[in-house]
Amino acid sequence: MALLPILRYPDPRLHKVAEPVREVDDRIRQLVRDMAETMYDAPGVGLAATQVDVHERVVVIDVSEEGNDLRVLINPEILWKSDELQVYEEGCLSVPGVYDQVQRAARIRVRALNENGETYEFDAEGLLAVCVQHEMDHLLGKVFVEYLSPLKQNRIRTKLRKQEREALRA
Ligand code: NI
């Protein structure tokens, strides 16, 4: 097991589009274990492989209070989205300290492979629906701040670059 370094916005590697996983093998299972450990350590409720600079369609999510309900989504697809939307205050491990409201489908149906390469489906609403859509955006190279106004995006980039410079000096 290993903690993986998380890319920080505005790192251009966050905008790479992930490739489908061809085979769920030991390499992918190791990646899943390392991503889960990294997510729990952060702590966060979701992590996409893109955020650890691996550009394959792998996501881990755990929205439970106790941190004991890990979901592994390999090659996830959204089969259905409700017309009804919900607004949620989102954050992201790649955009530390920034939280803002994003509107997304309120309910979704998802199909993915688990770490054994088995297909499964589930319905999601509330935070889980938000999280799945947020993480699947990462796989397409999209960070949640891209839903915000250009002015806010500029402010966030400036703030994070400043944080990075201060961290380097420290
Ligand atoms: Ni994120």
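Please refer to the structure higher up on the page.
None of the values given here were measured: they were computed from a predicted structure.

Draft legend 1. Representation of the coordination of the nickel ion in the model. Taken together, the protein donors to the nickel ion comprise C92 (SG), H134 (NE2) and H138 (NE2), at separations of 2.1 to 2.2 Å. Motif for the nickel ion, donor spacing along one chain: C-x41-H-x3-H. In this pair, C92 sits in the loop between β4 (85-90) and β5 (100-105) while H134 sits in helix α2 (residues 126-139), placing the two residues 42 residues apart along the sequence. On the basis of relative accessible area, H134 is assigned to the buried category, the value being 6%.

Draft legend 2. The arrangement of the environment of A124 in detail. Among the secondary structure elements, A124 is positioned in strand β7 (residues 119-125). Classification of A124 by relative accessible area gives buried; the value is 5%. When residues no more than four places from it in sequence are discounted, the contact partners of A124 are A106, R107, I108 and A129.

Draft legend 3. Structural context of the side chain of R104. Mapped onto the elements of the fold, R104 is located in strand β5. Residue classification places R104 among the buried residues on the basis of a relative accessible area of 5%. Once you skip the residues sitting within four places of it in the chain, R104 turns out to touch E84, L85, Q86, E90, V130, Q133, H134, D137, F144 and Y147.

Draft legend 4. Here's a closer look at the environment of L168. Note on placement: L168 falls in helix α3 (residues 150-169). Exposure remark for L168: the relative accessible area of 71% places this residue in the exposed category. It is 35 Å that separates the C-alpha atoms of L168 and R71, two residues lying 97 residues apart in sequence.

Draft legend 5. Fine view of the layout of surface pockets. Of the volumes computed, that of the largest pocket is approximately 420 Å³. Of all the secondary structure elements, the ones that give two or more residues to the lining of the largest pocket are β4 and α2. Counting residues per element, the lining of the largest pocket draws most heavily on α2, at six residues. For the lining of the largest pocket, the residue count by class is twelve nonpolar, seven polar and three charged.

What counts, and at which threshold
Residues numbered from 1 in each chain as written. Predicted model: local features only at pLDDT ≥ 70, side-chain atom pairs only at ≥ 80, totals over all residues. Heavy atoms only, no water. Donors = N, O, S within 2.8 Å, 3.2 Å for Na, K, Ca; no water. Helix = DSSP H or I, 4+ residues; strand = E, 2+ residues; numbered from the N terminus. Buried < 20%, exposed > 50% of the residue type's maximum accessible area, 1.4 Å probe, protein only. Contact = heavy atoms within 4.5 Å. 1 Å grid on protein atoms, 1.4 Å probe; cavity = no way out; pocket = protein on both sides within 12 Å on 5 of 7 lines; lining within 4 Å. Points joined across faces, edges and corners; volume = space filled by probe spheres on them. Nonpolar A, V, L, I, M, F, W, Y, C, P; charged D, E, K, R; others polar.

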